[in-house]
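Here's the letter readout for the chains.
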Amino acid sequence: MIINPQINFYEVTLDNVKEKIKEFYDREKHHYVTINAVDNGGNVTIDWIFSDYNKKHVLYVFRIDGVEYDKLIPSIIDIIPSSWIAEWELTDLFGLNIENAPKGLFLKHNPNVYAPLRKDS
């Protein structure tokens, strides 16, 4: 059980997040957890979250604050193939523009329901 995890935050940008994750990520050492988004109203904060296989209480979070809804967000599928599911989920639930992530995996097209987790929906 993790009671007080050690969280290491790395502030990144849309221009360098992929490069920074690629420099950091070692598949023998790190576990990719997920990509998370928090809607701030007009923009989102995006976190790419990793843990350490040997130190269960340590998390690494690559964070971008204030990403406008329509900005192109780089995909990390070429670094971590399993990240596709979280990327596609954020595309559907927040209406984000993630590189090569199609809409419609989790939400069937419905003009009355668009990006249900977005504050302006």
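Each value, and the rule that gives it
Per chain, residue numbering runs from 1 following the sequence as it is written. Local features in this predicted model are restricted to residues of pLDDT 70 or higher, and side-chain atom pairs are both shown and tallied only at a pLDDT of 80 or more, whereas totals for entire chains, interfaces and linings draw on every residue. No hydrogens and no water enter the side-chain calculation; it runs on all heavy atoms of the structure. Here a helix means four or more residues in a row that DSSP labels H or I, a strand means two or more in a row labelled E, and each is numbered from the N terminus. Only the C-alpha atoms count toward the radius of gyration. The rule for a globule is 2.2 Å times the residue count to the power 0.38. Only protein chains enter the area calculation, which uses a 1.4 Å probe; residues under 20% of their type maximum are buried, those over 50% are exposed, and those in between are partly exposed. A contact between two residues is defined here by any heavy atoms of the two lying within 4.5 Å. Between any two strands, pairing holds if DSSP finds at least two bridges. For every element, the axis is a line fit to its C-alpha atoms; helices are fit only across the contacting stretch, and the angle between N-to-C directions ranges from 0 to 180 degrees. Directions drawn from the helix axis to the C-beta atoms are what define this arc. Any two rings among Phe, Tyr and Trp, with Trp reduced to its six-membered ring, count as a pair given centres within 6.5 Å; such a pair is stacked if its planes are under 30 degrees apart, edge-to-face if over 60, and tilted if neither. In this analysis the charged atom, NZ for Lys or CZ for Arg, is taken to sit over a ring once it is within 6 Å of the ring centre and within 35 degrees of the ring normal.

Once that is clear, we can look at the overall build of the protein. Along the backbone of the protein there are two helices and six strands. Starting at the N terminus and walking to the C terminus, you meet the elements of the protein as β-α-β-β-β-β-α-β. Over its C-alpha atoms the protein spans a radius of gyration of 15 Å, differing by no more than 12% from the 14 Å that the globule rule assigns to 121 residues. Over its C-alpha atoms, taken along the principal directions, the protein stretches across nearly 45 × 30 × 30 Å. Classification of the 121 residues of the protein by burial places 38% in the buried group. Residue pairs at least 24 apart in sequence account for 52% of intrachain contacts in the protein once pairs closer than 6 positions are excluded.

Here we take up the environment of Ile98. Structurally, Ile98 can be placed in strand β6 (residues 97–98). A C-alpha to C-alpha distance of 13 Å links Ile98 and Asn36, two positions 62 residues apart in sequence. Setting aside its immediate chain neighbours within four residues, Ile98 contacts Leu72, Ile73, Pro74, Ser75, Glu87, Leu90 and Thr91.

Residue position: Thr91 is located in helix α2 (residues 84–94). When its relative accessible area of 1% is taken as the criterion, Thr91 is described as buried.

Right, let's get into the sheet that holds strand β1 (residues 6–11). The strand order across the open sheet formed by four strands is β1-β4-β3-β2, and the pairing between neighbours is mixed. Where the open sheet ends on each side, the last strands, each with one partner, are β1 and β2 (30–39). When the angles between neighbouring strand axes are averaged without regard to direction, this sheet yields 25 degrees. Sheet analysis places strand β3 (residues 43–52) next to strand β4 (residues 58–68), joined by eight bridges and oriented antiparallel. Counted as the bridge partner of Trp48 is Phe62 from β4. This element, helix α1 (residues 17–24), spans β2, β3 and β4 of the sheet and lies at about 175 degrees to β4. Relative to the sheet, α2 contacts β2 and β3, its axis offset from that of β2 by approximately 10 degrees.

Our focus in this paragraph is α1. Three or more residues of α1 are buried, namely Val17, Ile21 and Phe24. Taken down its axis, α1 places every buried residue within 65 degrees of arc, on the same side. With respect to the buried face of α1, the exposed residues turned more than 90 degrees away are Lys22 and Glu23.

For the rest of this paragraph, the subject is the pairing of β2. The side chains of a regular strand alternate between both faces of the sheet. Sheet topology places β2 next to β3; nine bridges connect them, and they run antiparallel. Among the inter-strand pairings, His31 is bridged to a residue of β3, identified as Ser51. Counted along the chain from β2 to the antiparallel partner β3, the turn is three residues long, and its residue Gly41 has a positive phi close to 85 degrees.

Moving on, we get to the packing of aromatic side chains. Within the structure shown, the criterion is met by nine aromatic pairs. Taken together, a centroid distance of 4.8 Å and an interplanar angle of 70 degrees make the contact between Trp84 and Trp88 edge-to-face. On the criterion of helical spacing, the pair formed by Trp84 and Trp88 is a turn pair, its members being four residues apart in helix α2. Exposure remark for Trp88: the relative accessible area of 21% places this residue in the partly exposed category. Arg118 extends its terminal NZ or CZ atom over the ring of Tyr69, reaching a point 3.8 Å from the ring centre.

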